[in-house]
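# A structural walkthrough
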Amino acid sequence: LMGQERDVPVDQRVNRIVKFDDEDVDKYWLCGLSPHAVLKHTRSDLGVWEKITDDNAKSEWDALSQEKKDEYGYEYELMRFCETLISDLDKTIRRNKDRVSAEAAARKVTLSKDTQMQVDSIAAEIRELQTKAETLGAEGNLDDSMAAMKHAELLVAKKEALENPGSFSIAANKEKTTEVCEVCSNFMSEGDREAKTEAAKAR
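Reference entry: report on the structure contained in this document.

## Some thoughts on unusual backbone geometry
- Positive phi is not limited to glycine here, since His41 has a value of about 65°.
- For His41, the location among the structural elements is in the loop between α2 (35-38) and α3 (55-62).
- Using a relative accessible area of 70% as the deciding quantity, one classes His41 as exposed.

## Points about the side chain of His36
- Tracing the backbone through its elements, the reader meets His36 in helix α2.
- In this structure His36 touches Tyr28, Leu46, Trp49 and Phe81, once residues within four positions along its chain are discounted.

## A closer look at helix α6 (residues 113-138)
- Taking 1.5 Å per residue as the helical rise, α6 with its 26 residues ought to reach 38 Å, and the 38 Å between its terminal C-alpha atoms agrees with that figure.
- Thr115, Val119, Ile122, Ala123, Ile126, Leu129, Ala133 and Leu136 are the residues of α6 that are buried.
- At the exit of α6 stands Gly140, carrying a positive phi of roughly 90°.

## Regarding the environment of Trp49
- Tracing the backbone shows Trp49 in the loop between α2 and α3.
- Residue Trp49 is classed as partly exposed on the basis of its relative accessible area, which comes to 32%.
- Distance from Trp49 to His36, taken between C-alpha atoms, is 6.7 Å for residues 13 residues apart in sequence.
- Those residues in contact with Trp49 that lie beyond four places of it in its chain are Asp26, Tyr28, Ser34 and His36.
- A polar contact is formed between the side chain of Trp49 and the side chain of Asp26, at a distance of 2.9 Å.

## What about the pattern of salt bridges?
- Under the definition given, this model contains five salt bridges.
- The salt bridge partner of Asp62 is Lys58, with a shortest N-O separation of 2.9 Å. Of this pair, Asp62 and Lys58 both sit in helix α3, four residues apart, which is roughly one turn of that helix.
- A relative accessible area of 40% places Asp62 in the partly exposed class.
- Classification of Lys58 as partly exposed rests on a relative accessible area of 21%.
- Put simply, Glu83 and Arg80 hold a salt bridge, and the shortest N to O gap is 3.9 Å. Of this pair, Glu83 and Arg80 both sit in helix α5 (residues 74-107), three residues apart, which is roughly one turn of that helix.

## A word on the layout of surface pockets
- Its boundaries defined by the atoms lining it, the second largest pocket holds a volume of some 500 Å³.
- Lining the second largest pocket are 20 residues, with Leu39, Ser44, Leu85, Leu89 and Val183 sitting closest to its centre.
- Breaking the lining of the second largest pocket down by element, the ones donating at least two residues are α2 and α5.
- Tallied by class, the residues present in the lining of the second largest pocket amount to eleven nonpolar, five polar and four charged.

So, how was this worked out
Residues numbered from 1 in each chain as written. Predicted model: local features only at pLDDT ≥ 70, side-chain atom pairs only at ≥ 80, totals over all residues. Heavy atoms only, no water. Helix = DSSP H or I, 4+ residues; strand = E, 2+ residues; numbered from the N terminus. Buried < 20%, exposed > 50% of the residue type's maximum accessible area, 1.4 Å probe, protein only. Contact = heavy atoms within 4.5 Å. Expected span 1.5 Å × (residues − 1). Polar contact = N/O pair within 3.5 Å; in protein donor to acceptor, adjacent residues only side chain to side chain. Salt bridge = Lys/Arg side-chain N within 4 Å of Asp/Glu carboxyl O. 1 Å grid on protein atoms, 1.4 Å probe; cavity = no way out; pocket = protein on both sides within 12 Å on 5 of 7 lines; lining within 4 Å. Points joined across faces, edges and corners; volume = space filled by probe spheres on them. Nonpolar A, V, L, I, M, F, W, Y, C, P; charged D, E, K, R; others polar.

Dropping the structure here:
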């Protein structure tokens, strides 16, 4: 402490040997996961994090026995922090789902008795076709199975048109259908979900 760098802040000293228990060391990173780093530049960004990472400190930490690590409690702190993050995100997902459900209920059209009967009839036919398609597929009759599925898809479109008479098209209605991502809580349209699925398949 009496050397040339005695008046330089500890974290700025050129010849400093970083220890794992130094106050400015990222203890989460030592344990294998720094939420601040993982979530940086995402909607869940945790803000400025001025803790440092250092290979020497990590090696020193990794060399400790599990019993000694438990005494410091860093892993326990990381677990509790992650549990809090997950709990908060789950609450956001539930809140966003409730919002989507409320908005969908507000847009729901009250169908006439005749139209509702048509919708119910088509729904029953769709279920029959889906069951038929599964049976044919299990028997190896793929062509007829695909034909049954195609027919079912057409009926689904017809059913949606009856249920949403104000929509210009089924494609447009799909774009307006909002869902909540089960991972990050973001709102996304059905079109977004399908585009991401196709992109993932293409990788």
